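Each chain, letter by letter, is given below.
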Amino acid sequence: LYKVQRPQGYQVSWHANPAVEAHHFGQSHPMKPWRLTLTKQLVMAYGMHHAMDLYLARAATYEELADFHESDYLDFLRQVMPGDMDRAEQSENVVRFNFGDDCPIFDGLYNYCSLYAGGTVDAARKLCNNQSDIAINWSGGLHHAKKAEASGFCYVNDIVLGVLQLLRHHPRVMYIDIDVHHGDGVEQAFWSTDRVLTVSFHKYDKDNFFPGTGALEDTGPNHPLNPGAHHSINVPLNDGIDDDSYIDLYHQVIGACVENYRPGAIVLQCGADSLGCDRLGCFNLNVRAHGACVAFTKTFGLPLLVVGGGGYTPRNVSRAWAHETSILIDADQVIDSTIPESVAFRNHFGPDYSLFPPLSEIRRLENKNSRPYLEGLVEAVHEQLRYIKG
Ligand code: ZL4
Ligand code: CA
Ligand code: ZN
(Lines give C-alpha, C1' and ligand atoms only; values in the text may rest on other atoms or scores of the structure.)
(Ligands and ions follow the chains in the order given, each with its own letter.)
Protein backbone atom coordinates (compact mmCIF):
# COMPACT_ATOMS: atom_id res chain seq x y z
CA LEU A 1 0.00 0.00 0.00
CA TYR A 2 1.17 3.48 -0.82
CA LYS A 3 1.11 6.24 1.73
CA VAL A 4 -0.92 9.15 0.48
CA GLN A 5 -0.85 12.22 2.68
CA ARG A 6 -4.15 13.91 3.28
CA PRO A 7 -3.76 17.27 1.60
CA GLN A 8 -4.18 20.16 3.96
CA GLY A 9 -6.93 22.67 3.49
CA TYR A 10 -9.64 20.94 1.51
CA GLN A 11 -11.93 17.92 1.79
CA VAL A 12 -12.61 15.38 -0.90
CA SER A 13 -15.62 13.09 -0.52
CA TRP A 14 -16.26 9.82 -2.30
CA HIS A 15 -19.88 8.76 -2.82
CA ALA A 16 -20.60 5.21 -3.91
CA ASN A 17 -22.80 2.25 -3.26
CA PRO A 18 -21.28 -1.12 -4.19
CA ALA A 19 -24.75 -2.45 -5.03
CA VAL A 20 -24.63 -0.37 -8.25
CA GLU A 21 -21.75 -2.45 -9.58
CA ALA A 22 -23.66 -5.73 -9.51
CA HIS A 23 -26.23 -4.71 -12.14
CA HIS A 24 -26.05 -6.11 -15.66
CA PHE A 25 -27.42 -4.45 -18.78
CA GLY A 26 -27.36 -7.81 -20.57
CA GLN A 27 -25.17 -9.93 -22.80
CA SER A 28 -22.72 -7.87 -24.87
CA HIS A 29 -24.26 -4.50 -23.88
CA PRO A 30 -21.36 -1.99 -23.84
CA MET A 31 -22.31 -0.40 -20.48
CA LYS A 32 -20.67 -2.41 -17.73
CA PRO A 33 -21.29 -1.22 -14.15
CA TRP A 34 -18.52 -3.64 -13.20
CA ARG A 35 -15.98 -1.01 -14.37
CA LEU A 36 -16.80 0.73 -11.06
CA THR A 37 -15.51 -2.30 -9.16
CA LEU A 38 -12.28 -2.16 -11.12
CA THR A 39 -11.97 1.60 -10.42
CA LYS A 40 -12.54 1.14 -6.71
CA GLN A 41 -9.97 -1.69 -6.59
CA LEU A 42 -7.35 0.58 -8.12
CA VAL A 43 -8.18 3.50 -5.84
CA MET A 44 -7.92 1.24 -2.79
CA ALA A 45 -4.74 -0.51 -3.90
CA TYR A 46 -3.10 2.90 -4.17
CA GLY A 47 -4.37 3.79 -0.70
CA MET A 48 -6.28 6.81 -1.97
CA HIS A 49 -9.30 6.00 0.19
CA HIS A 50 -7.27 7.18 3.20
CA ALA A 51 -7.30 10.72 1.81
CA MET A 52 -11.06 11.05 1.28
CA ASP A 53 -14.25 10.98 3.31
CA LEU A 54 -16.07 7.85 2.18
CA TYR A 55 -19.86 7.87 2.10
CA LEU A 56 -22.18 5.01 1.30
CA ALA A 57 -24.62 6.52 -1.19
CA ARG A 58 -28.29 6.30 -0.28
CA ALA A 59 -30.90 5.50 -2.85
CA ALA A 60 -32.50 8.73 -4.11
CA THR A 61 -36.15 8.80 -3.03
CA TYR A 62 -39.01 8.90 -5.54
CA GLU A 63 -39.61 12.53 -4.53
CA GLU A 64 -35.98 13.41 -5.18
CA LEU A 65 -36.12 11.83 -8.62
CA ALA A 66 -39.37 13.74 -9.23
CA ASP A 67 -37.44 17.04 -8.88
CA PHE A 68 -36.69 16.48 -12.56
CA HIS A 69 -38.51 13.41 -13.83
CA GLU A 70 -42.23 13.06 -14.59
CA SER A 71 -44.16 10.77 -12.31
CA ASP A 72 -45.62 8.74 -15.23
CA TYR A 73 -42.11 7.88 -16.24
CA LEU A 74 -40.91 7.15 -12.69
CA ASP A 75 -43.98 4.97 -12.04
CA PHE A 76 -43.13 2.92 -15.11
CA LEU A 77 -39.43 2.74 -14.17
CA ARG A 78 -40.36 1.59 -10.66
CA GLN A 79 -42.68 -1.22 -11.71
CA VAL A 80 -41.25 -2.65 -14.94
CA MET A 81 -39.77 -6.11 -14.91
CA PRO A 82 -37.42 -7.88 -17.31
CA GLY A 83 -39.72 -9.48 -19.88
CA ASP A 84 -42.00 -6.45 -20.09
CA MET A 85 -40.11 -5.47 -23.22
CA ASP A 86 -42.03 -8.25 -25.01
CA ARG A 87 -45.28 -8.03 -23.02
CA ALA A 88 -48.09 -6.58 -25.09
CA GLU A 89 -49.74 -4.52 -22.30
CA GLN A 90 -46.43 -2.74 -21.65
CA SER A 91 -45.41 -2.21 -25.26
CA GLU A 92 -46.96 1.26 -25.49
CA ASN A 93 -44.92 2.54 -22.54
CA VAL A 94 -41.78 0.71 -23.65
CA VAL A 95 -41.97 2.71 -26.88
CA ARG A 96 -43.12 5.95 -25.22
CA PHE A 97 -40.28 5.92 -22.69
CA ASN A 98 -37.68 4.71 -25.22
CA PHE A 99 -36.71 1.36 -23.71
CA GLY A 100 -35.01 -1.10 -26.05
CA ASP A 101 -31.51 -2.23 -27.05
CA ASP A 102 -29.74 0.89 -25.74
CA CYS A 103 -31.86 1.12 -22.60
CA PRO A 104 -32.88 -2.42 -21.69
CA ILE A 105 -35.11 -3.38 -18.78
CA PHE A 106 -32.89 -5.46 -16.50
CA ASP A 107 -33.13 -6.94 -13.00
CA GLY A 108 -33.04 -4.26 -10.33
CA LEU A 109 -33.28 -1.37 -12.80
CA TYR A 110 -35.03 1.04 -10.40
CA ASN A 111 -32.59 0.15 -7.62
CA TYR A 112 -29.67 0.81 -9.96
CA CYS A 113 -31.09 4.20 -11.00
CA SER A 114 -31.98 5.40 -7.54
CA LEU A 115 -28.54 4.40 -6.18
CA TYR A 116 -26.46 6.20 -8.80
CA ALA A 117 -28.74 9.23 -8.56
CA GLY A 118 -28.57 9.15 -4.75
CA GLY A 119 -24.79 9.32 -4.95
CA THR A 120 -24.88 12.51 -7.02
CA VAL A 121 -27.57 14.16 -4.87
CA ASP A 122 -25.60 13.30 -1.70
CA ALA A 123 -22.41 14.64 -3.28
CA ALA A 124 -24.09 17.93 -4.24
CA ARG A 125 -25.53 18.32 -0.73
CA LYS A 126 -22.10 17.78 0.87
CA LEU A 127 -20.78 20.63 -1.30
CA CYS A 128 -23.69 22.89 -0.32
CA ASN A 129 -23.19 22.17 3.40
CA ASN A 130 -19.49 22.96 3.10
CA GLN A 131 -18.78 19.44 4.33
CA SER A 132 -16.86 18.77 1.13
CA ASP A 133 -14.91 20.83 -1.39
CA ILE A 134 -14.70 18.17 -4.09
CA ALA A 135 -17.31 15.41 -4.20
CA ILE A 136 -16.92 12.36 -6.45
CA ASN A 137 -19.53 9.89 -7.74
CA TRP A 138 -18.05 7.75 -10.51
CA SER A 139 -21.33 5.85 -10.90
CA GLY A 140 -23.13 9.04 -11.97
CA GLY A 141 -22.82 11.18 -15.07
CA LEU A 142 -25.72 9.73 -17.04
CA HIS A 143 -26.25 12.80 -19.17
CA HIS A 144 -28.72 11.59 -21.85
CA ALA A 145 -31.77 10.88 -19.66
CA LYS A 146 -34.74 13.21 -20.30
CA LYS A 147 -37.52 14.12 -17.91
CA ALA A 148 -39.82 11.43 -19.28
CA GLU A 149 -37.54 9.30 -21.43
CA ALA A 150 -34.60 6.93 -21.16
CA SER A 151 -31.85 7.49 -23.72
CA GLY A 152 -28.35 6.23 -24.52
CA PHE A 153 -27.87 3.88 -21.53
CA CYS A 154 -29.24 6.59 -19.18
CA TYR A 155 -32.55 6.34 -17.30
CA VAL A 156 -32.38 8.97 -14.59
CA ASN A 157 -30.43 12.19 -15.08
CA ASP A 158 -28.41 12.35 -11.88
CA ILE A 159 -26.48 15.37 -13.18
CA VAL A 160 -29.63 17.46 -13.51
CA LEU A 161 -30.62 16.41 -9.96
CA GLY A 162 -27.18 17.39 -8.66
CA VAL A 163 -27.24 20.76 -10.43
CA LEU A 164 -30.73 21.45 -9.02
CA GLN A 165 -29.31 20.89 -5.52
CA LEU A 166 -26.39 23.24 -6.20
CA LEU A 167 -28.77 25.91 -7.55
CA ARG A 168 -30.35 26.11 -4.11
CA HIS A 169 -27.09 27.65 -2.84
CA HIS A 170 -25.39 29.11 -5.89
CA PRO A 171 -26.80 31.71 -8.30
CA ARG A 172 -24.79 30.20 -11.20
CA VAL A 173 -23.56 26.66 -11.83
CA MET A 174 -21.31 25.62 -14.70
CA TYR A 175 -21.57 22.15 -16.22
CA ILE A 176 -18.67 20.66 -18.18
CA ASP A 177 -18.95 17.40 -20.14
CA ILE A 178 -15.89 15.61 -21.58
CA ASP A 179 -17.71 12.40 -22.50
CA VAL A 180 -17.29 11.70 -26.25
CA HIS A 181 -21.08 12.01 -26.60
CA HIS A 182 -23.06 15.26 -26.45
CA GLY A 183 -24.53 16.02 -23.02
CA ASP A 184 -27.97 16.56 -24.51
CA GLY A 185 -30.12 15.72 -21.46
CA VAL A 186 -28.38 18.27 -19.24
CA GLU A 187 -28.34 20.89 -21.99
CA GLN A 188 -32.07 20.41 -22.62
CA ALA A 189 -32.98 20.55 -18.91
CA PHE A 190 -31.33 23.97 -18.51
CA TRP A 191 -31.88 25.28 -22.05
CA SER A 192 -34.06 28.18 -20.93
CA THR A 193 -32.13 29.45 -17.93
CA ASP A 194 -29.05 31.62 -17.49
CA ARG A 195 -28.37 30.07 -14.09
CA VAL A 196 -26.59 27.09 -15.66
CA LEU A 197 -23.92 27.33 -18.34
CA THR A 198 -23.57 23.95 -20.05
CA VAL A 199 -20.41 23.14 -22.00
CA SER A 200 -20.01 19.86 -23.89
CA PHE A 201 -17.04 18.64 -25.91
CA HIS A 202 -18.07 15.76 -28.17
CA LYS A 203 -17.77 13.94 -31.44
CA TYR A 204 -20.38 15.51 -33.73
CA ASP A 205 -21.72 13.90 -36.88
CA LYS A 206 -25.42 14.67 -37.13
CA ASP A 207 -26.50 11.48 -38.86
CA ASN A 208 -23.84 8.99 -37.85
CA PHE A 209 -22.97 9.54 -34.22
CA PHE A 210 -25.26 9.44 -31.20
CA PRO A 211 -27.19 11.54 -30.23
CA GLY A 212 -26.71 13.79 -33.29
CA THR A 213 -27.20 17.05 -31.39
CA GLY A 214 -24.65 19.59 -30.14
CA ALA A 215 -23.76 21.65 -33.20
CA LEU A 216 -21.62 24.74 -32.63
CA GLU A 217 -24.60 26.93 -33.57
CA ASP A 218 -26.82 25.43 -30.87
CA THR A 219 -26.12 28.01 -28.21
CA GLY A 220 -29.51 28.25 -26.51
CA PRO A 221 -33.01 29.48 -27.33
CA ASN A 222 -33.02 31.76 -30.37
CA HIS A 223 -35.23 34.39 -28.79
CA PRO A 224 -32.92 37.06 -27.34
CA LEU A 225 -35.27 37.74 -24.43
CA ASN A 226 -35.14 34.12 -23.30
CA PRO A 227 -32.63 34.07 -20.41
CA GLY A 228 -31.13 30.83 -21.69
CA ALA A 229 -29.97 32.48 -24.93
CA HIS A 230 -26.19 31.91 -25.41
CA HIS A 231 -25.97 29.73 -22.28
CA SER A 232 -25.34 26.41 -24.03
CA ILE A 233 -21.84 25.91 -25.35
CA ASN A 234 -21.13 23.12 -27.80
CA VAL A 235 -17.68 22.09 -28.99
CA PRO A 236 -18.26 19.66 -31.87
CA LEU A 237 -15.22 17.58 -32.82
CA ASN A 238 -14.17 15.07 -35.45
CA ASP A 239 -12.43 11.71 -35.03
CA GLY A 240 -8.98 11.23 -33.63
CA ILE A 241 -8.43 14.39 -31.58
CA ASP A 242 -5.08 14.08 -29.79
CA ASP A 243 -3.79 15.05 -26.34
CA ASP A 244 -2.22 18.40 -27.14
CA SER A 245 -5.12 19.72 -29.25
CA TYR A 246 -7.70 18.63 -26.70
CA ILE A 247 -5.88 20.06 -23.67
CA ASP A 248 -5.25 23.33 -25.48
CA LEU A 249 -8.88 23.55 -26.56
CA TYR A 250 -10.09 22.71 -23.06
CA HIS A 251 -7.92 25.40 -21.47
CA GLN A 252 -9.02 28.06 -23.94
CA VAL A 253 -12.72 27.23 -23.75
CA ILE A 254 -13.08 26.48 -20.04
CA GLY A 255 -10.71 29.26 -18.93
CA ALA A 256 -12.78 31.83 -20.79
CA CYS A 257 -16.10 30.37 -19.59
CA VAL A 258 -15.14 30.53 -15.91
CA GLU A 259 -13.70 34.01 -16.31
CA ASN A 260 -16.85 35.37 -17.94
CA TYR A 261 -19.61 33.40 -16.25
CA ARG A 262 -18.09 33.32 -12.72
CA PRO A 263 -19.95 30.22 -11.51
CA GLY A 264 -20.33 29.44 -7.83
CA ALA A 265 -19.82 25.73 -8.40
CA ILE A 266 -18.77 23.40 -11.20
CA VAL A 267 -20.12 19.98 -12.18
CA LEU A 268 -17.67 17.95 -14.27
CA GLN A 269 -18.80 14.87 -16.20
CA CYS A 270 -15.71 12.76 -16.89
CA GLY A 271 -17.01 10.24 -19.44
CA ALA A 272 -14.01 8.03 -20.23
CA ASP A 273 -15.20 7.09 -23.71
CA SER A 274 -13.18 10.06 -24.99
CA LEU A 275 -10.03 7.98 -24.36
CA GLY A 276 -8.21 6.25 -27.20
CA CYS A 277 -9.12 2.58 -27.67
CA ASP A 278 -12.66 3.02 -26.34
CA ARG A 279 -15.14 0.46 -27.69
CA LEU A 280 -17.60 3.18 -28.71
CA GLY A 281 -15.48 6.33 -28.84
CA CYS A 282 -13.36 7.72 -31.66
CA PHE A 283 -11.04 10.19 -29.93
CA ASN A 284 -7.38 9.48 -29.30
CA LEU A 285 -6.76 10.76 -25.78
CA ASN A 286 -4.39 9.20 -23.29
CA VAL A 287 -5.21 8.89 -19.59
CA ARG A 288 -2.92 11.84 -18.74
CA ALA A 289 -4.69 14.21 -21.15
CA HIS A 290 -8.14 13.24 -19.85
CA GLY A 291 -6.77 13.85 -16.36
CA ALA A 292 -5.28 17.20 -17.37
CA CYS A 293 -8.83 18.47 -17.95
CA VAL A 294 -9.78 17.45 -14.41
CA ALA A 295 -6.62 19.08 -13.04
CA PHE A 296 -7.33 22.34 -14.88
CA THR A 297 -10.94 22.38 -13.65
CA LYS A 298 -9.71 21.98 -10.09
CA THR A 299 -7.42 25.03 -10.34
CA PHE A 300 -10.39 27.43 -10.06
CA GLY A 301 -10.82 26.39 -6.44
CA LEU A 302 -14.62 26.24 -6.75
CA PRO A 303 -16.88 23.60 -5.17
CA LEU A 304 -16.55 20.72 -7.62
CA LEU A 305 -18.93 17.83 -8.24
CA VAL A 306 -17.20 15.12 -10.28
CA VAL A 307 -19.22 12.36 -11.93
CA GLY A 308 -18.42 9.50 -14.33
CA GLY A 309 -20.39 8.80 -17.50
CA GLY A 310 -19.48 6.75 -20.54
CA GLY A 311 -16.44 4.56 -20.92
CA TYR A 312 -16.60 1.17 -22.61
CA THR A 313 -13.14 -0.34 -22.25
CA PRO A 314 -13.28 -1.06 -18.49
CA ARG A 315 -9.53 -1.38 -17.86
CA ASN A 316 -8.99 2.13 -19.28
CA VAL A 317 -12.05 3.63 -17.61
CA SER A 318 -10.71 2.47 -14.25
CA ARG A 319 -7.22 3.76 -15.05
CA ALA A 320 -8.59 7.20 -15.93
CA TRP A 321 -10.93 7.51 -12.96
CA ALA A 322 -8.28 6.24 -10.51
CA HIS A 323 -5.76 8.73 -11.95
CA GLU A 324 -8.36 11.51 -11.73
CA THR A 325 -9.13 10.59 -8.13
CA SER A 326 -5.41 10.97 -7.39
CA ILE A 327 -5.44 14.41 -9.04
CA LEU A 328 -8.44 15.49 -6.97
CA ILE A 329 -6.74 14.50 -3.69
CA ASP A 330 -3.41 16.00 -4.86
CA ALA A 331 -1.67 12.63 -4.89
CA ASP A 332 -0.95 12.20 -8.61
CA GLN A 333 2.70 13.07 -8.02
CA VAL A 334 3.17 10.51 -5.30
CA ILE A 335 1.50 7.39 -6.67
CA ASP A 336 3.44 4.90 -8.78
CA SER A 337 2.54 4.62 -12.47
CA THR A 338 2.96 0.85 -12.15
CA ILE A 339 -0.28 -0.69 -10.98
CA PRO A 340 0.19 -2.08 -7.43
CA GLU A 341 0.89 -5.81 -7.07
CA SER A 342 -1.92 -6.02 -4.53
CA VAL A 343 -4.74 -4.91 -6.84
CA ALA A 344 -7.58 -7.35 -7.42
CA PHE A 345 -8.10 -8.32 -11.10
CA ARG A 346 -4.52 -7.19 -11.84
CA ASN A 347 -4.51 -9.42 -14.96
CA HIS A 348 -6.83 -6.86 -16.63
CA PHE A 349 -3.98 -4.37 -16.70
CA GLY A 350 -1.40 -6.50 -18.49
CA PRO A 351 0.87 -6.74 -20.33
CA ASP A 352 2.21 -3.30 -19.30
CA TYR A 353 0.60 -2.98 -15.82
CA SER A 354 0.87 0.78 -16.24
CA LEU A 355 -1.66 3.43 -15.26
CA PHE A 356 -0.69 5.19 -18.50
CA PRO A 357 -0.56 2.75 -21.43
CA PRO A 358 0.05 4.39 -24.83
CA LEU A 359 -3.62 4.39 -25.90
CA SER A 360 -2.96 6.81 -28.75
CA GLU A 361 -0.41 4.36 -30.23
CA ILE A 362 -2.42 1.16 -29.81
CA ARG A 363 -5.20 2.18 -32.20
CA ARG A 364 -3.67 4.91 -34.31
CA LEU A 365 -6.36 7.29 -35.51
CA GLU A 366 -5.79 10.18 -37.85
CA ASN A 367 -6.63 13.51 -36.19
CA LYS A 368 -9.44 14.87 -38.39
CA ASN A 369 -9.47 18.16 -36.47
CA SER A 370 -7.25 20.61 -38.32
CA ARG A 371 -5.58 23.51 -36.56
CA PRO A 372 -7.79 26.06 -38.37
CA TYR A 373 -10.91 24.07 -37.44
CA LEU A 374 -9.97 24.09 -33.74
CA GLU A 375 -9.01 27.76 -33.85
CA GLY A 376 -12.42 28.48 -35.37
CA LEU A 377 -14.12 26.70 -32.48
CA VAL A 378 -12.24 28.73 -29.88
CA GLU A 379 -13.01 31.93 -31.77
CA ALA A 380 -16.72 31.09 -31.91
CA VAL A 381 -16.90 30.26 -28.22
CA HIS A 382 -15.09 33.45 -27.24
CA GLU A 383 -17.50 35.38 -29.46
CA GLN A 384 -20.46 33.69 -27.74
CA LEU A 385 -19.06 34.53 -24.30
CA ARG A 386 -19.31 38.22 -25.07
CA TYR A 387 -23.05 37.82 -24.39
CA ILE A 388 -22.37 36.24 -21.02
CA LYS A 389 -21.61 38.13 -17.88
CA GLY A 390 -21.69 36.49 -14.50
C1 ZL4 B 1 -25.77 -1.90 -27.81
O2 ZL4 B 1 -24.18 -5.08 -28.63
O3 ZL4 B 1 -26.47 4.94 -31.75
C4 ZL4 B 1 -26.82 -2.39 -27.02
C5 ZL4 B 1 -25.64 -0.54 -28.05
C6 ZL4 B 1 -26.95 -3.78 -26.83
C7 ZL4 B 1 -26.37 -6.04 -27.20
C8 ZL4 B 1 -27.34 -6.73 -28.16
C9 ZL4 B 1 -28.21 -5.90 -29.09
C10 ZL4 B 1 -27.61 -5.68 -30.44
C11 ZL4 B 1 -23.69 -0.94 -29.38
C12 ZL4 B 1 -24.61 -0.04 -28.82
C13 ZL4 B 1 -28.21 -4.54 -31.22
C14 ZL4 B 1 -27.80 -3.20 -30.69
C15 ZL4 B 1 -28.23 -2.04 -31.55
N16 ZL4 B 1 -26.09 -4.63 -27.40
C17 ZL4 B 1 -28.20 -0.76 -30.79
C18 ZL4 B 1 -29.23 4.44 -32.74
C19 ZL4 B 1 -28.97 3.13 -32.25
C20 ZL4 B 1 -30.13 2.21 -31.97
C21 ZL4 B 1 -29.68 1.09 -31.05
O22 ZL4 B 1 -21.58 7.34 -22.96
N23 ZL4 B 1 -28.59 0.34 -31.66
C24 ZL4 B 1 -28.74 4.24 -31.44
C25 ZL4 B 1 -25.98 5.18 -27.62
C26 ZL4 B 1 -25.80 4.72 -29.06
C27 ZL4 B 1 -27.35 4.60 -30.97
C28 ZL4 B 1 -24.70 5.64 -27.02
C29 ZL4 B 1 -23.69 6.64 -24.95
C30 ZL4 B 1 -23.90 6.91 -23.48
C31 ZL4 B 1 -22.89 7.85 -22.85
C32 ZL4 B 1 -23.19 8.14 -21.38
C33 ZL4 B 1 -24.92 6.02 -25.58
N34 ZL4 B 1 -27.12 4.52 -29.66
C35 ZL4 B 1 -27.82 2.35 -32.84
C36 ZL4 B 1 -27.43 1.23 -31.88
C37 ZL4 B 1 -25.02 -4.22 -28.13
C38 ZL4 B 1 -24.84 -2.80 -28.37
C39 ZL4 B 1 -23.79 -2.30 -29.15
C40 ZL4 B 1 -24.52 1.38 -29.04
N41 ZL4 B 1 -25.50 2.27 -28.85
C42 ZL4 B 1 -23.43 2.10 -29.49
N43 ZL4 B 1 -23.78 3.41 -29.57
C44 ZL4 B 1 -25.03 3.48 -29.15
O45 ZL4 B 1 -22.86 9.11 -23.47
C46 ZL4 B 1 -23.28 6.96 -20.49
CA1 CA C 1 -19.48 15.55 -24.08
ZN1 ZN D 1 -20.51 8.67 -23.98
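For the structure itself, look to the data block above.
**Brief notes about the overall build of the protein**
Then step 1. The number of helices and strands found in the protein is 12 helices and eight strands.
Then step 2. At 20 Å, the protein has a C-alpha radius of gyration in line with the 21 Å of a compact globule built from 390 residues.
Then step 3. Viewed in the frame of its principal axes, the protein has a C-alpha envelope of about 55 × 50 × 45 Å.
Then step 4. By residue count, 60% of the 390 residues in the protein fall in the buried class.
Then step 5. When contacts within the protein are restricted to residue pairs at least 6 apart in sequence, those whose partners lie at least 24 apart make up 79%.
Then step 6. Carbon and sulfur atoms form 49% of the exposed surface of the protein, whose accessible area is close to 15600 Å².

**Let's talk about the coordination of the zinc ion (ligand 3)**
Then step 1. For the zinc ion (ligand 3), the full set of protein donor atoms is Asp179 (OD), His181 (ND1) and Asp273 (OD), at a range of 1.9 to 2.0 Å.
Then step 2. Mapping the donors of the zinc ion (ligand 3) onto the primary sequence yields the spacing D-x1-H-x91-D. Remark: Asp273 occurs in the loop between β7 (265-269) and α9 (287-298) and His181 occurs in the loop between β4 (173-177) and α7 (184-189); sequence separation between them is 92 residues. Like His181, the residue Asp273 is buried in the burial classification.

**A short note on helix α12 (residues 371-385)**
Then step 1. When the terminal C-alpha atoms of α12 are compared, their 21 Å separation across 15 residues agrees well with the 21 Å that a helix rising 1.5 Å per residue should span.
Then step 2. Taken together, the buried positions of α12 are occupied by Leu374, Leu377, Val378, Val381, Gln384 and Leu385. End-on, the buried residues of α12 take up no more than an arc of 125 degrees, which puts them together on one face. In α12, the exposed residues that point more than 90 degrees away from the buried face are Arg371, Pro372 and Glu379.
Then step 3. Where α12 begins, the side chain of Ser370 points an oxygen toward the backbone nitrogen of Tyr373, at a separation of 3.1 Å.

**Some words on the coordination of the calcium ion (ligand 2)**
Then step 1. Looking at the metal site, the calcium ion (ligand 2) is ligated by Asp177 (O), Asp177 (OD), Asp179 (O), His181 (O), Ser200 (OG) and Phe201 (O), spaced 2.4 to 3.1 Å from it.
Then step 2. In this structure, the calcium ion (ligand 2) is coordinated by six donor atoms arranged in irregular fashion, with angles at the metal of 69 to 166 degrees.
Then step 3. Along the chain, the residues donating to the calcium ion (ligand 2) are arranged with the sequence spacing D-x1-D-x1-H-x18-S-F. Of this pair, Asp179 sits in the loop between β4 and α7 while Ser200 sits in strand β5 (residues 196-203), and the two are 21 residues apart along the sequence. Of the two residues, Asp179 and Ser200, both sit in the buried class.

**Considering the pairing of β5**
Then step 1. Counting buried residues along β5, eight of its eight residues qualify, which places the element largely inside the surrounding structure.
Then step 2. A crossover links β4 with its parallel partner β5, the connecting element being α7, and its sense is right-handed.
Then step 3. Relative to strand β6 (residues 232-237), β5 runs parallel, the two sharing six bridges. Across the sheet, residue Ser200 finds its bridge partner in β6, namely Asn234.

**A closer look at the sheet that holds β6**
Then step 1. On the basis of which strands lie adjacent, the open sheet formed by eight strands has the order β2-β1-β3-β8-β7-β4-β5-β6 and parallel pairing. Looking at strand neighbours, the two that pair on one side only are β2 (53-56) and β6, the edges of this open sheet. Ignoring strand direction, the axes of neighbouring strands in this sheet form an average angle of 15 degrees.
Then step 2. With three bridges connecting them, strand β1 (residues 12-16) and strand β3 (residues 134-137) associate as parallel partners. Looking at the pairing, Trp14 lines up with Ile136 of β3.

**Brief notes about the side chain of Arg346**
Then step 1. Within the secondary structure, Arg346 is located in the loop between α10 (314-328) and α11 (359-362).
Then step 2. With a relative accessible area of 17%, Arg346 lands in the buried category.
Then step 3. Within the structure, the side chain of Arg346 is placed 2.9 Å from the backbone oxygen of Ile339, a separation counted as a polar contact.
Then step 4. Those residues in contact with Arg346 that sit more than four places away from it in its chain are Thr338, Ile339, Pro340, Glu341 and Tyr353.

**Things to note about the site of ligand 1**
Then step 1. Residues in close proximity to ligand 1 total 21 residues, the closest being Asp102, His143, His144, Asp273 and Tyr312.
Then step 2. The side chain of His144 places a nitrogen or oxygen atom 2.7 Å from an oxygen atom of ligand 1.
Then step 3. In this structure, Tyr312 approaches ligand 1 through a side-chain N or O atom, which is 2.5 Å from an oxygen atom.
Then step 4. Its free accessible area being 850 Å², ligand 1 has 64% of it covered by the protein chains.

**Describing the pattern of salt bridges**
Then step 1. With the rule as written, the count across this model stands at 15 salt bridges.
Then step 2. Of the charged contacts, one joins Glu21 and Lys40 as a salt bridge, the two residues approaching to 3.3 Å between their closest N and O atoms. Remark: Lys40 occurs in helix α1 (residues 35-45) and Glu21 occurs in the loop between β1 and α1; sequence separation between them is 19 residues.
Then step 3. Take Lys40: its relative accessible area is 22%, and that puts it in the partly exposed class.
Then step 4. Put simply, Asp75 and Arg78 hold a salt bridge, and the shortest N to O gap is 3.6 Å.

**Examining the packing of helix α8 (residues 243-261) against α9**
Then step 1. In contact at an axis separation of 9 Å, α8 and α9 are set at 20 degrees when each is read in the N-to-C sense. If you check the angle between α8 and α9, you find them roughly parallel. α9 is crossed by α8, and the crossing has right-handed handedness. When α8 is examined against α9, the residues Asp243, Tyr246, Ile247, Tyr250, His251, Ile254 and Gly255 are found in contact with a partner set consisting of Ala289, Ala292, Cys293, Phe296 and Thr297.
Then step 2. By residue class, the composition of the contact of α8 with α9 is eight nonpolar, three polar and one charged.

Reading the values: the criteria
Residues numbered from 1 in each chain as written. Chains lettered and ligands numbered in written order. Predicted model: local features only at pLDDT ≥ 70, side-chain atom pairs only at ≥ 80, totals over all residues. Heavy atoms only, no water. Helix = DSSP H or I, 4+ residues; strand = E, 2+ residues; numbered from the N terminus. Rg over C-alpha atoms; globule rule 2.2 N^0.38 Å. Buried < 20%, exposed > 50% of the residue type's maximum accessible area, 1.4 Å probe, protein only. Contact = heavy atoms within 4.5 Å. Areas by Shrake-Rupley, 256 points an atom, 1.4 Å probe, with all protein chains shown as cover. Donors = N, O, S within 2.8 Å, 3.2 Å for Na, K, Ca; no water. Expected span 1.5 Å × (residues − 1). Arc of directions from axis to C-beta. Polar contact = N/O pair within 3.5 Å; in protein donor to acceptor, adjacent residues only side chain to side chain. Tetrahedral: all angles 85-135°; square planar, octahedral: opposite > 155°, others 65-115°. Right-handed = clockwise from strand over helix to strand, strands pointing away. Pairing = 2+ DSSP bridges. Axes fitted to C-alpha atoms, helices over the stretch in contact; angles between N-to-C directions. Near = heavy atom within 4 Å. Salt bridge = Lys/Arg side-chain N within 4 Å of Asp/Glu carboxyl O. Parallel < 35°, antiparallel > 145°, perpendicular 65-115°, else oblique. Left-handed = near helix turned anticlockwise from the far one by under 90°. Nonpolar A, V, L, I, M, F, W, Y, C, P; charged D, E, K, R; others polar.

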